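# Descriptive structure summary
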2 protein chains.
Amino acid sequence: MPARQPSKPRARRPRSQARPYHHGDLRRVLIDAALQLAAEGAEVSVREAARRAAVSPGAPFRHFPNRDALMAAAAEEAQRRFRAEIEAALSEAPATNPLARFRAFGLAYLRWAMRNPAHFEIISTGRYFVHGSSAELTRDNAELIALTEGILAEAAGQGLLRSADLKRIQIAGRALVYGFARMNLDGHLPRWGVEAGEIERMAEGVLDLFIAGIAKP
Amino acid sequence: MPARQPSKPRARRPRSQARPYHHGDLRRVLIDAALQLAAEGAEVSVREAARRAAVSPGAPFRHFPNRDALMAAAAEEAQRRFRAEIEAALSEAPATNPLARFRAFGLAYLRWAMRNPAHFEIISTGRYFVHGSSAELTRDNAELIALTEGILAEAAGQGLLRSADLKRIQIAGRALVYGFARMNLDGHLPRWGVEAGEIERMAEGVLDLFIAGIAKP
DNA sequence: TCCGTTATGTAATCATCGATTACATTTCGA
DNA sequence: TCGAAATGTAATCGATGATTACATAACGGA
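With that settled, consider the relation of the copies chain A and chain B. For the pair chain A and chain B, the relating rotation is 180°, the translation along its axis is 0.0 Å, and the fit reaches an RMSD of 0.1 Å. On the angle and the small slide along the axis, the relation comes out as a two-fold axis.

Structure representation (C-alpha cells):
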C-alpha cells in the first residue's frame with residue numbers, strides 16, 4: 001500500500017474570498033440541483049450537482065454517504081410534491097361520490113406524471129437508488145395505495161362496481177395509470193399533435209374508459 | 001496535445017496460445033453477454049461484456065461504434081424473441097374470435113415480460129441506448145401495434161365492443177399491459193406468495209378485467 | 001473572551017468506465 | 001502469393017463515484 005505523500009502545505013485562500021467557506025444549506029441545494037438536472041434530461045451526477053452548487057466534488061459526500069443517498073433524498077422531495085398535488089385534488093372532489101374521487105385521484109396522478117416526467121421516474125424506478133432504501137418513500141407510497149383501496153371499498157359498499165374483486169380492480173387501475181405515465185416517459189405515446197394538452201386529454205379519456213369498464217352499467 | 005509516446009516494442013504472444021487470435025463471432029458473443037448481464041441484474045458495461053468474452057476492453061469497439069450500439073443490438077435480439085413468442089401465441093388462437101385473439105396477445109405479452117423482465121426493460125426503456133436509434137426496433141414495434149389495431153377493428157366490426165373509440169381502447173390496453181410489466185420490473189407488485197405463478201395469474205386476471213370492461217355486455 | 005470540539009468544505013488520490021489511437025496479427029481474395 | 005481489409009491488443013484519456021488527510025468555520029462552555 002503506497003503511503004500517501006506528505007503533501008506540501010496547501011496555499012491558503014485569501015481571507016477576502018467572495019463566498020464564505022460554509023455554504024449555508026448545501027444539502028438542500030444539492031437535492032434541488034439533482035431534481036433540476038433530472039428535469040432538464042441531463043444525467044444526474046454528484047459532481048455536476050456539486051458544480052451547480054459551486055462547491056468541490058467531494059463536498060456532497062459530507063451530506064450524503066454516496067450517490068444513492070442523494071438520489072433517495074431527491075426522490076423523497078419529489079414524492080412530497082406528488083402527494084401534495086394528489087391530496088389537493090382529493091380535497092376538492094365530492095366527498096360522497098367514490099367513483100368521482102377515484103377519477104380525481106387518477107387524473108391528478110396522470111397530470112403530475114405528464115408534467116414532471118423526470119421526477120416521476122425518479123420516484124417510481126429503482127434505477128436511481130437501491131430499491132426500498134428510503135423508508136419514507138416506501139411508507140408514503142403505501143399510504144397512497146391505501147387511499148385508493150379505501151375509495152374502492154366505498155364504491156363497492158354503494159354497489160357501484162361490477163366486480164367484487166377489489167384487489168384486482170386496484171392493481172389494474174394502478175397498472176393503467178402507471179403504464180400511461182411510463183409510456184409517456186419512455187416515448188411510447190404517439191405525438192398527437194403540437195398542442196400540449198392533447199396528451200393530458202388522452203390520459204383523461206383512458207381513465208374514463210377504465211372507470212366506465214369497472215362501473216356497474 | 002501531448003504527442004503519444006513512441007512506445008517500446010511490445011512482447012509478442014507465443015504462437016502456442018490456447019485461444020486463437022480471432023474470436024470467431026465476437027459480435028454475437030458480446031450481444032449474448034450483454035443480455036445475460038442484464039438478466040442477472042448486473043449493470044451492463046462494455047468492459048464486462050468484453051471480460052466475459054475473454055477479450056480486451058477495446059475489442060468490442062471493432063464491432064460497435066459505442067456502448068449504445070451494443071445495447072441497441074442486444075435490444076433487437078430481445079425484441080425478436082419477444083415478437084416470436086407473441087406470434088406463436090396468436091397462431092394458436094382462434095382465427096375468428098377477435099376478443100380471444102386480443103386476450104392471447106395480451107397474455108403472451110405479459111408472460112414474456114414477467115419471465116424476462118430485464119430484457120423487457122432493455123426493449124422498452126430508452127435508458128440503454130438513444131431512443132429511436134434502431135430502425136429495426138422501431139419498425140418491429142410499429143408492426144406489433146398495427147396487429148392489435150387490426151384485431152380491435154375486427155372486434156368492432158363484429159359489434160363486440162361497447163365503445164367505438166378504438167384508438168382510446170388501444171392506448172388503454174397498451175398502458176395496462178405495459179404498466180403491469182413495468183410495475184413488476186420496478187418492484188411495485190406485492191409479493192403475493194412464494195408460488196411463482198401467482199403474479200402471472202394476477203396478470204391474467206387484470207387482463208380479463210380490462211377485456212370485460214371494453215366488451216359489449 | 002478564549003478555546004477546544006464538531007461540522008463542513010477542499011485537495012489529492014484511486015479504481016472503473018467509455019472511448020480513441022497506434023500497432024500487431026490473421027484472414028481472404030485478386 | 002501477396003497485400004489489403006478485418007479484427008484484436010496495449011496504452012492512454014477524461015469523467016465519475018468514492019475515500020482520506022487536511023483546513024477552516026461555527027458554536028458552546030469555562
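Having put the structure on the table, let's press on.
Before going further, it helps to spend a moment on the layout of surface pockets. Using a probe with the size of a water molecule, rolled over the atoms, empty space left in the structure can be pinpointed. In this structure, the largest pocket spans a volume of roughly 1400 Å³. Around the largest pocket, the lining is made up of 42 residues, and of these Glu121(A), Arg127(A), Tyr128(A), Arg127(B) and Tyr128(B) lie nearest the centre. Breaking the lining of the largest pocket down by element, the ones donating at least two residues are helix H1 (26-39), helix H3 (67-92) and helix H5 (117-124) of chain A together with helix H1 (26-39) and helix H5 (117-124) of chain B. Examining the composition of the lining of the largest pocket, we find that four residues originate from one element, H5(B), more than from any other. Residue classes in the lining of the largest pocket are distributed as 19 nonpolar, ten polar and 13 charged.

For the rest of this paragraph, the subject is the interface of chain A and chain B. Facing 32 residues of chain A, the contacting portion of chain B comprises 32 residues. Summing both partners gives a buried area of about 3000 Å² for chain A against chain B, and 69% of it is carried by carbon and sulfur. Of all residues in chain A, Arg168(A), His188(A) and Leu209(A) bury the most surface against chain B, accounting for 19% of the area lost on that side. Here chain A and chain B share zero salt bridges between them. Inspection of the chain A/chain B interface yields eight residue pairs in polar contact (both at pLDDT 80 or more). Mapped by element, the contributors of at least two residues to the side of chain A that touches chain B are helix H7 (166-185) and helix H8 (197-214) of chain A. Ranked by the residues each element gives to the side of chain A that touches chain B, the list is headed by H7(A), at 13 residues. Here the residues of the side of chain A that touches chain B are counted per class, giving 15 nonpolar, ten polar and seven charged.

Calculation criteria
- Residues numbered from 1 in each chain as written.
- Chains lettered and ligands numbered in written order.
- Predicted model: local features only at pLDDT ≥ 70, side-chain atom pairs only at ≥ 80, totals over all residues.
- Heavy atoms only, no water.
- Least-squares fit on C-alpha atoms with pLDDT ≥ 70 in both.
- 1 Å grid on protein atoms, 1.4 Å probe; cavity = no way out; pocket = protein on both sides within 12 Å on 5 of 7 lines; lining within 4 Å.
- Points joined across faces, edges and corners; volume = space filled by probe spheres on them.
- Helix = DSSP H or I, 4+ residues; strand = E, 2+ residues; numbered from the N terminus.
- Nonpolar A, V, L, I, M, F, W, Y, C, P; charged D, E, K, R; others polar.
- Contact = heavy atoms within 4.5 Å.
- Buried area = accessible area lost by both parts, 1.4 Å probe.
- Salt bridge = Lys/Arg side-chain N within 4 Å of Asp/Glu carboxyl O.
- Polar contact = N/O pair within 3.5 Å; in protein donor to acceptor, adjacent residues only side chain to side chain.

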